[in-house]
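Residue-level structural notes
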Amino acid sequence: VQLQAFGGGLVQAGGSLRLSCAASGRTFSRYGMGWFRQAPGKEREFVAAITWSGGVIYYADSVKGRFTISRDNAKNTASLQMNSLKPEDTAVYYCAAKSSLVVVTTPEYDYWGQGTQVTVSS
């Protein structure tokens, strides 16, 4: 699976961005999808994940209620809608795919996109 994340940018605190992850190659619908982020000097951290069917979704506590993960298997895309953004959300955001039936919140994913920068100004 080849993944390409896009949609990042510069936004003021309180604003919104929508990240998208386009997948190609193997059957997208067989993979659970996750979003991770990495700020400068910090480890990569889990943001959100969704199972292959979309039936199970999990969020990090830091984004719960503000971010929404979704997927469209017909279009081979996954998305992360980010609302009420805070300066501490500033990071490079990565989408990832894993052949798994359950939600995975650790970085042990099979495939990774190249990352897209999100910068939230105060």
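Our subject in this report is the structure included herewith. Predicted model only: the values in this text are computed from it and were never measured. (Residues numbered from 1 in each chain as written. Predicted model: local features only at pLDDT ≥ 70, side-chain atom pairs only at ≥ 80, totals over all residues. Heavy atoms only, no water.)

With the rule as written, the count across this model stands at four salt bridges. Among the ionic pairs, Arg-37 bridges to Glu-45, the shortest N-O distance being 2.6 Å. Overall, the relative accessible area of 5% leaves Arg-37 in the buried class. For Asp-89, the salt bridge goes to Arg-37, with nearest N and O atoms at 2.9 Å. One end of the pair, Asp-89, is in the loop between strand E8 (77-82) and strand E9 (91-98); the other, Arg-37, is in strand E4 (residues 32-38), and 52 residues separate them in sequence. Judged on exposure class, the residue Asp-89 and its partner Arg-37 are both buried. (Salt bridge = Lys/Arg side-chain N within 4 Å of Asp/Glu carboxyl O. Buried < 20%, exposed > 50% of the residue type's maximum accessible area, 1.4 Å probe, protein only. Helix = DSSP H or I, 4+ residues; strand = E, 2+ residues; numbered from the N terminus.)

Within soluble globular proteins, side chains that are nonpolar generally end up buried alongside one another. Grouped together as the largest cluster of nonpolar side chains are 37 residues, with contacts concentrated most on Trp-35, Leu-80, Met-82 and Tyr-93. Those elements that place two or more of their residues in this core are strand E1 (2-6), strand E3 (17-24), E4, strand E5 (45-50), strand E7 (67-72), E8, E9 and strand E11 (116-121). When residues no more than four places from it in sequence are discounted, the contact partners of Leu-80 are Leu-17, Arg-18, Leu-19, Trp-35, Val-47, Ala-48, Phe-67, Thr-68, Ile-69 and Tyr-93. (Core = buried A, V, L, I, M, F, W, Y, C linked by side-chain atoms within 4.5 Å. Contact = heavy atoms within 4.5 Å.)

Before going further, it helps to spend a moment on the environment of Lys-75. For Lys-75, the location among the structural elements is in the loop between E7 and E8. Here Lys-75 falls in the exposed class, since its relative accessible area comes to 62%. In this structure, the C-alpha to C-alpha distance between Lys-75 and Cys-21, residues 54 residues apart in sequence, is 10 Å.

Attention now moves to the side chain of Ser-20. Within the element layout of this structure, Ser-20 appears in strand E3. Aside from chain neighbours lying at most four places away, what touches Ser-20 is Gln-4, Ala-5, Phe-6, Trp-35, Ala-78 and Ser-79.

Right, let's talk about the pairing of E3 for a bit. Sheet topology note: the E1/E3 ladder contains five bridges and is antiparallel. Following the sheet pairing, Gln-2 is matched in E3 by Ser-24. Of the strand pairs in this sheet, E3 and E8 are connected by six bridges, and their pairing is antiparallel. Within the sheet, the bridge partner assigned to Arg-18 lies in E8 and is Gln-81. (Pairing = 2+ DSSP bridges.)

Honestly, it's all geometry; don't read function into it.
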